[in-house]
Amino acid sequence: MTSLRNLSSLYADLGGYLAKLSAAESLGEREVENLCDKAKEILSCESNVQPIPAPVTLVGDLHGQFYDLVELFSVGGKVPDTNYLFLGDYVDRGYYSVETVTLLVCLKVRYPARIHILRGNHESRQITQVYGFYDECLRKYGSARVWKLFTDLFDYLPLSALVEDQVFCLHAGLSPSLDTLDHIRELDRVAEIPHEGPICDLMWSDPQDEAGWGISPRGAGYQFGGDIVHQFNAINGLGLIARAHQLVMEGHKMMFDDSLVTVWSAPNYCYRCGNVASIMEVGEDLQKQFTTFDAAPPNTREIPAKSGPDYFL
């Protein structure tokens, strides 16, 4: 009976949190702490390669564009009516990283089997101190404590997911150190993203037109060709690699004979790029369906007064 009361109380708290966030209001510091504690319990039970059933809708980078996330839910369906898998990069560069990541974590705690959230290269302490999330937390809360709560939570986010044993999903790309999914399952993920090595590669690498492995101009991870993708898919019995990490003006891009797809979900990226966004639904029959959408209409969003540096690169 006690556990039922606790569960009822949790759901009541989460309902209040979601109501606040739906109005683009930040949670209080104590509320964020309670939310992150619950999320850690859930995420610590998930695998480095989290199995996910179809149907599920895949979402690429969001980068703090909260009102465009709301638009995404209006296009793709609300949780829990639609199952979602988010591929990382929830924070930095946009105006509302706090609200964006808080909403996703709140939905994860409320509907843990309906929404899954992976780690991206921006879910790290070092990167968020450079590209905006740290400064936003200081501005909205008066201290770095909420930033620390979230960046500690980021260590628990899964590295990747596997939809119906066929679609391998991750933020960025492959690693020369990792031949099989079992190698990824064996990694110890609960730490800051390192500057090099297999976890770094999963967070930073990109596909390239040339065969083989190449040096990444990002200064982290690698570039990899179609031959690497076909080999990895064959070894692991995969039909598709789905990733985000790179701006695609059309919202999505298939490569290497449809063996890899990039999904980008931040429309008009950084409020200046003019791109459309996309989400990709993987159906029960594993057929892929893309839905593109534009940025939320101006009358549905609020733009804060200029109060800091421009984090766009």
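Relevant structure appears above.
Computed from a prediction, not measured in an experiment: that's the story for all the values here.

Rules and cut-offs
Residues numbered from 1 in each chain as written. Predicted model: local features only at pLDDT ≥ 70, side-chain atom pairs only at ≥ 80, totals over all residues. Heavy atoms only, no water. Phe/Tyr/Trp six-rings, centres within 6.5 Å; stacked < 30°, edge-to-face > 60°. Buried < 20%, exposed > 50% of the residue type's maximum accessible area, 1.4 Å probe, protein only. Lys NZ or Arg CZ within 6 Å of the ring centre and 35° of its normal. Axes fitted to C-alpha atoms, helices over the stretch in contact; angles between N-to-C directions. Helix = DSSP H or I, 4+ residues; strand = E, 2+ residues; numbered from the N terminus. Parallel < 35°, antiparallel > 145°, perpendicular 65-115°, else oblique. Left-handed = near helix turned anticlockwise from the far one by under 90°. Contact = heavy atoms within 4.5 Å. Nonpolar A, V, L, I, M, F, W, Y, C, P; charged D, E, K, R; others polar. 1 Å grid on protein atoms, 1.4 Å probe; cavity = no way out; pocket = protein on both sides within 12 Å on 5 of 7 lines; lining within 4 Å. Points joined across faces, edges and corners; volume = space filled by probe spheres on them. Pairing = 2+ DSSP bridges. Arc of directions from axis to C-beta.

A. Region of interest: the packing of aromatic side chains. Enumeration according to the criterion identifies 14 aromatic pairs in this entry. Note on Tyr-84 and Phe-86: the rings are 5.6 Å apart at their centroids and 35° apart in plane angle, and the pair reads as tilted. Using a relative accessible area of 0% as the deciding quantity, one classes Tyr-84 as buried. We classify Phe-86 as buried; its relative accessible area is 0%. Over the ring of Tyr-131 we find Arg-93, and its NZ or CZ is 4.7 Å from the ring centre.

B. The arrangement of the packing of helix α2 (residues 29–43) against helix α4 (residues 97–110) in detail. At a minimum axis separation of 9 Å, α2 and α4 run at an interaxial angle of 55°. As far as their axial angle goes, α4 and α2 are oblique. Of the two elements, α2 crosses α4, and the hand of that crossing is left-handed. Residue-level contacts link Leu-35, Lys-38, Ala-39, Ile-42 and Leu-43 of α2 to Thr-102, Val-105, Cys-106, Lys-108 and Val-109 of α4. Of the residues assigned to the contact of α2 with α4, the class counts are 7 nonpolar, 1 polar and 2 charged.

C. Broad picture of the layout of surface pockets. There is about 310 Å³ of room inside the second largest pocket. Together, 16 residues line the second largest pocket, and Arg-93, His-122, Arg-218, His-245 and Tyr-269 are the ones closest to its centre. Residues of the lining of the second largest pocket, tallied by class, amount to 7 nonpolar, 5 polar and 4 charged.

D. Examining the sheet that holds strand β9 (residues 222–224) more closely. With mixed pairing, the 3 strands of this open sheet are ordered in space as β7-β9-β8. Strands with a single pairing partner mark the edges of an open sheet, and in this sheet they are β7 (206–207) and β8 (213–215). Looking at chain direction, β8 and β9 are connected through 3 bridges and run antiparallel. For Trp-213, the partnering residue across the bridge sits in β9 and is Phe-224.

E. Spotlight on the packing of α2 against helix α7 (residues 145–154). Look at α2 against α7: their axes get within 10 Å of each other, and the N-to-C directions meet at 5°. Classified by the angle their axes make, α2 and α7 are roughly parallel. Contacts from Glu-29, Val-32, Glu-33, Cys-36, Ala-39, Lys-40 and Leu-43 of α2 reach α7 at Arg-145, Val-146, Leu-149, Phe-150, Asp-152 and Leu-153.

F. Examining helix α10 (residues 226–236) more closely. Taken residue by residue, α10 has Gly-226, Ile-228, Val-229, Phe-232, Asn-233 and Asn-236 as its buried positions. Viewed end-on, α10 has its buried residues packed into an arc of 160°, placing them on one side of the element. Contact partners of the buried residues in α10: β6 (167–170), α8 (181–185), β8, β9, β10 (240–243) and β12 (260–263). Following α10 by one or two positions, Gly-237 has its phi on the positive side, about 65°.

G. Quick look at empty space enclosed by the protein. Scanning the model with the defined rule gives 2 cavities of 30 Å³ or more in all. Counted as a void, the largest cavity has a volume near 40 Å³. Around the largest cavity sit Tyr-90, Val-101, Leu-104, Val-105, Ile-117, Leu-153, Phe-154 and Leu-157, which together line it. Elements represented by at least two residues in the lining of the largest cavity include exactly α4 and α7. The element best represented in the lining of the largest cavity is α4, accounting for 3 residues.

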